[in-house]
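A structural walkthrough
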Amino acid sequence: MSAEHCFTTSGSTGAPRQWWRSVAQMEREAALILRRWAPEVQEILAFAPASHSYGMILGEVGARVMNARLQACSLEQQRLPLLDGQGPCVILAIASTWCLLPALLGRLAPRRQVLVLHSASMLPPGALATVRQHAGPQVRFVELLGSTETGAMAYRELDVRSDAEQPWTLLDDVALLCLPGQPAALAVSSPRIARAQGQARPAPSHHCDDQVLALDERRFQWLGRASSLIKVNGLRLDLARLAGELSARLGCPALACVAVPDALRGEAFEVLYSDAALTERAVLEAFTELPPGHPRPVAVRGLANLPLSATGKPQPWAATPAVKEYTHEPR
């Protein structure tokens, strides 16, 4: 591996951006996380692709740092893990992994200690039910919040008492630059911030798209992503969370809710999906299962193709230039 590795992300308009992370930064991050929660790991089952910073750092680099066996897994490419290993193992989960997790844990937990790490997206609906069913001495769950630009910033350990509003705690080498007590853009300093293309060295700090409420110097509540938060008739709506709920209800991974301007409401949204078996009527009917008064889309559009990212998140900006990209993909 060369001294630096380039990761490419899409910006809010869809224009690709390149970020360079040094091998030393990646090794530091892998050691910081894996030595804390899985110091004796023997095997890593990586569902996060190596093209993504999360999959590269905690998969390929993590396996080398910890001298562990690595299995590159993918539901999308039908590469399921072999479960013949011994000793503690780590599962690098992305959203699609959670449909397989109960079966995996049912086979692994009776004979091996398992750490489930999740990053690269919001927890899918039903994930906390899996946590409550399996969390215990043999199985631990840790959710990471980070970005390609910053690396992993914060974590929360999930157990039977966890809920969606559980606060996040900074990793040891990250400092919070937000003042407690009022919502603000998440700003951090860290020695693991990536070097932007054209810069001679990494910036010492970074302002993220995440909106947070700092509770103290080390903890915060995550409120959403600025690029996916809108207000419809005064009601705050998280489009990424809504898209996740609709996707789960309809069984359609290629579904996105995107913000559009609206002369009457100021802000509005439309639903894009790509699934030949799904109809616009079925999408609209899914809204009847939401609480009364929940905002409705101004349009529902079926597309021939709604591209997915490496971690399975819809990329609406790539389908049409007429919509603003939103993404809940922090890694």
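Cut-offs applied
Residues numbered from 1 in each chain as written. Predicted model: local features only at pLDDT ≥ 70, side-chain atom pairs only at ≥ 80, totals over all residues. Heavy atoms only, no water. Helix = DSSP H or I, 4+ residues; strand = E, 2+ residues; numbered from the N terminus. Buried < 20%, exposed > 50% of the residue type's maximum accessible area, 1.4 Å probe, protein only. Contact = heavy atoms within 4.5 Å. Phe/Tyr/Trp six-rings, centres within 6.5 Å; stacked < 30°, edge-to-face > 60°. Pairing = 2+ DSSP bridges.

Some remarks on the environment of Glu280
When you line up the elements, Glu280 lands in helix α6 (residues 280–286). With a relative accessible area of 40%, Glu280 lands in the partly exposed category. Between the alpha carbons of Glu280 and Gly302 there is a distance of 6.9 Å; along the sequence they are 22 residues apart. Setting aside its immediate chain neighbours within four residues, Glu280 contacts Tyr273, Val300, Arg301 and Gly302.

A short note on the packing of aromatic side chains
Tallied over the entire structure, the rule returns 3 aromatic pairs. A ring pair is formed by Trp37 and Tyr155, whose centres lie 4.9 Å apart and whose planes are at 65 degrees; its orientation type is edge-to-face. Of this pair, Trp37 sits in helix α1 (residues 23–37) while Tyr155 sits in strand β8 (residues 151–158), and the two are 118 residues apart along the sequence. Comparing Trp37 with Tyr155 shows no difference in burial state: the two are buried.

Quick notes on the pairing of strand β14 (residues 219–225)
Judged from the 2 bridges that link them, strand β9 (residues 168–170) and β14 form a sheet pairing that is antiparallel. Note that in β14 the partner of Trp168 across the bridge is Phe220. The pairing of strand β13 (residues 205–214) with β14 spans 5 bridges and is antiparallel. By the bridge assignment, Val212 is partnered in β14 with Trp222.

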